[in-house]
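So the chains spell out like this:
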Amino acid sequence: MTENKIEIDLDEITKYMDELKQAKAKFEFDLKQVNAEIEKTEKILESLLEQLKVDEMLHGVYRFGWKTTTKRTFDQKKFKTDNPEVYEQYKTEKQYKNFEFKINN
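In what follows, the accompanying structure is described. (Residues numbered from 1 in each chain as written. Predicted model: local features only at pLDDT ≥ 70, side-chain atom pairs only at ≥ 80, totals over all residues. Heavy atoms only, no water.)

Here leucine 49 lies in helix 1 (residues 10-52). The class of leucine 49 is buried, set by a relative accessible area of 2%. When the C-alpha atoms of leucine 49 and glutamine 22 are compared, they prove to be 41 Å apart, with 27 residues separating the residues in sequence. In contact with leucine 49, not counting residues within four places along its chain, are Val54, Asp55, Glu56, Met57, Phe64, Gly65 and Trp66. (Helix = DSSP H or I, 4+ residues; strand = E, 2+ residues; numbered from the N terminus. Buried < 20%, exposed > 50% of the residue type's maximum accessible area, 1.4 Å probe, protein only. Contact = heavy atoms within 4.5 Å.)

So, in C-alpha coordinates, the structure goes:
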(Lines give C-alpha, C1' and ligand atoms only; values in the text may rest on other atoms or scores of the structure.)
Protein backbone atom coordinates (compact mmCIF):
# COMPACT_ATOMS: atom_id res chain seq x y z
CA MET A 1 0.00 0.00 0.00
CA THR A 2 1.38 3.44 -0.94
CA GLU A 3 1.11 6.47 1.26
CA ASN A 4 -0.27 9.69 -0.16
CA LYS A 5 1.91 12.53 1.06
CA ILE A 6 1.01 16.15 0.66
CA GLU A 7 3.91 18.35 -0.35
CA ILE A 8 3.71 21.93 0.87
CA ASP A 9 6.03 24.75 -0.13
CA LEU A 10 6.06 26.57 3.20
CA ASP A 11 7.57 29.76 1.74
CA GLU A 12 4.87 29.90 -0.92
CA ILE A 13 1.94 29.17 1.38
CA THR A 14 3.05 31.63 4.10
CA LYS A 15 3.66 34.37 1.51
CA TYR A 16 0.19 33.71 0.07
CA MET A 17 -1.34 33.82 3.57
CA ASP A 18 0.43 37.15 4.15
CA GLU A 19 -1.05 38.53 0.90
CA LEU A 20 -4.52 37.37 1.91
CA LYS A 21 -4.19 38.99 5.35
CA GLN A 22 -3.08 42.26 3.75
CA ALA A 23 -6.02 42.16 1.32
CA LYS A 24 -8.40 41.49 4.21
CA ALA A 25 -6.95 44.43 6.18
CA LYS A 26 -7.48 46.70 3.15
CA PHE A 27 -11.08 45.54 2.74
CA GLU A 28 -11.74 46.08 6.45
CA PHE A 29 -10.24 49.58 6.23
CA ASP A 30 -12.37 50.39 3.17
CA LEU A 31 -15.46 48.98 4.91
CA LYS A 32 -14.84 51.22 7.93
CA GLN A 33 -14.60 54.22 5.60
CA VAL A 34 -17.87 53.31 3.86
CA ASN A 35 -19.62 52.68 7.18
CA ALA A 36 -18.46 56.10 8.42
CA GLU A 37 -19.92 57.75 5.29
CA ILE A 38 -23.19 55.85 5.74
CA GLU A 39 -23.38 56.97 9.37
CA LYS A 40 -22.68 60.59 8.41
CA THR A 41 -25.36 60.53 5.70
CA GLU A 42 -27.87 58.87 8.05
CA LYS A 43 -27.30 61.74 10.52
CA ILE A 44 -28.21 64.23 7.77
CA LEU A 45 -31.44 62.33 7.02
CA GLU A 46 -32.24 62.07 10.75
CA SER A 47 -31.74 65.82 11.09
CA LEU A 48 -34.17 66.41 8.22
CA LEU A 49 -36.80 64.21 9.89
CA GLU A 50 -36.33 66.09 13.17
CA GLN A 51 -36.71 69.46 11.43
CA LEU A 52 -39.90 68.28 9.74
CA LYS A 53 -41.09 66.64 12.99
CA VAL A 54 -41.87 63.32 11.29
CA ASP A 55 -40.71 59.78 12.06
CA GLU A 56 -40.69 58.50 8.49
CA MET A 57 -40.38 59.83 4.98
CA LEU A 58 -41.01 58.49 1.49
CA HIS A 59 -38.89 59.81 -1.36
CA GLY A 60 -39.23 58.08 -4.72
CA VAL A 61 -38.48 54.41 -4.15
CA TYR A 62 -36.87 55.13 -0.76
CA ARG A 63 -38.40 54.99 2.70
CA PHE A 64 -36.39 56.08 5.70
CA GLY A 65 -37.03 56.91 9.30
CA TRP A 66 -37.12 55.41 12.76
CA LYS A 67 -38.43 51.93 13.28
CA THR A 68 -39.46 50.85 16.77
CA THR A 69 -38.85 47.23 17.66
CA THR A 70 -39.33 45.33 20.89
CA LYS A 71 -37.03 42.60 22.03
CA ARG A 72 -37.39 40.34 25.04
CA THR A 73 -34.18 39.26 26.71
CA PHE A 74 -33.15 37.36 29.79
CA ASP A 75 -31.64 39.69 32.41
CA GLN A 76 -28.71 37.54 33.49
CA LYS A 77 -27.33 40.13 35.94
CA LYS A 78 -30.65 40.47 37.75
CA PHE A 79 -31.10 36.70 37.88
CA LYS A 80 -27.58 36.30 39.30
CA THR A 81 -28.27 38.96 41.95
CA ASP A 82 -31.69 37.59 42.90
CA ASN A 83 -30.78 33.86 42.70
CA PRO A 84 -27.01 33.43 43.17
CA GLU A 85 -27.21 29.77 44.23
CA VAL A 86 -29.31 28.78 41.21
CA TYR A 87 -27.16 30.85 38.86
CA GLU A 88 -24.02 28.98 39.94
CA GLN A 89 -25.66 25.62 39.14
CA TYR A 90 -26.22 26.62 35.52
CA LYS A 91 -22.87 28.18 34.71
CA THR A 92 -20.93 26.39 31.99
CA GLU A 93 -17.44 26.71 30.64
CA LYS A 94 -16.44 26.15 27.04
CA GLN A 95 -13.03 25.93 25.52
CA TYR A 96 -12.24 26.73 21.89
CA LYS A 97 -9.27 26.03 19.69
CA ASN A 98 -8.65 28.56 16.94
CA PHE A 99 -6.01 28.55 14.22
CA GLU A 100 -3.76 31.60 14.37
CA PHE A 101 -1.37 32.98 11.76
CA LYS A 102 0.88 35.90 12.74
CA ILE A 103 3.77 37.73 11.18
CA ASN A 104 6.72 38.03 13.55
CA ASN A 105 8.46 41.38 13.48
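On the surface, Ile6, Ile8, Leu10, Ile13, Tyr16 and Leu20 cluster together into a nonpolar patch covering about 670 Å² of accessible area. Among the structural elements, tyrosine 16 can be located in helix 1. For tyrosine 16, a relative accessible area of 46% corresponds to the partly exposed category. (Patch = residues over 30% accessible without salt bridge, like charges linked within 9 Å, V, L, I, M, F, W, Y side chains within 5 Å. Areas by Shrake-Rupley, 256 points an atom, 1.4 Å probe, with all protein chains shown as cover. Salt bridge = Lys/Arg side-chain N within 4 Å of Asp/Glu carboxyl O.)

When their charged atoms lie close together, side chains carrying opposite charge are able to pair. According to the stated counting rule, one finds 8 salt bridges in the structure shown. Residues arginine 63 and glutamate 56 are paired through a salt bridge, measuring 3.4 Å at the closest nitrogen-oxygen approach. Between glutamate 100 and lysine 102 there is a salt bridge, and its shortest N-O distance comes to 3.6 Å. On the basis of relative accessible area, lysine 102 is assigned to the exposed category, the value being 59%.

Attention now moves to the environment of glutamine 51. Turning to its location among the elements, glutamine 51 is positioned in helix 1. With relative accessibility at 61%, the residue glutamine 51 sits in the exposed group. Measuring from C-alpha to C-alpha, the distance between glutamine 51 and lysine 97 comes to 52 Å, with 46 residues separating the pair along the chain.

Moving on, we come to the pairing of strand 2 (residues 62-65). The pairing of strand 1 (residues 56-59) with strand 2 spans 4 bridges and is classified as antiparallel. What sits directly across from glutamate 56, in strand 2, is glycine 65. As consecutive antiparallel partners, strand 1 and strand 2 are separated by 2 residues, and within that stretch glycine 60 has a phi angle of approximately 60°, a positive value. (Pairing = 2+ DSSP bridges.)

Let us look at the packing of aromatic side chains. The tally for this structure, following the rule as stated, stands at 1 aromatic pair. For the ring pair phenylalanine 74 and phenylalanine 79, a centre distance of 5.4 Å and an interplane angle of 50° mean the geometry is tilted. (Phe/Tyr/Trp six-rings, centres within 6.5 Å; stacked < 30°, edge-to-face > 60°.)

Turning next to unusual backbone geometry. Despite not being glycine, lysine 53 shows a phi value in the positive range, around 55°. Mapped onto the elements of the fold, lysine 53 is located in the loop between helix 1 and strand 1.

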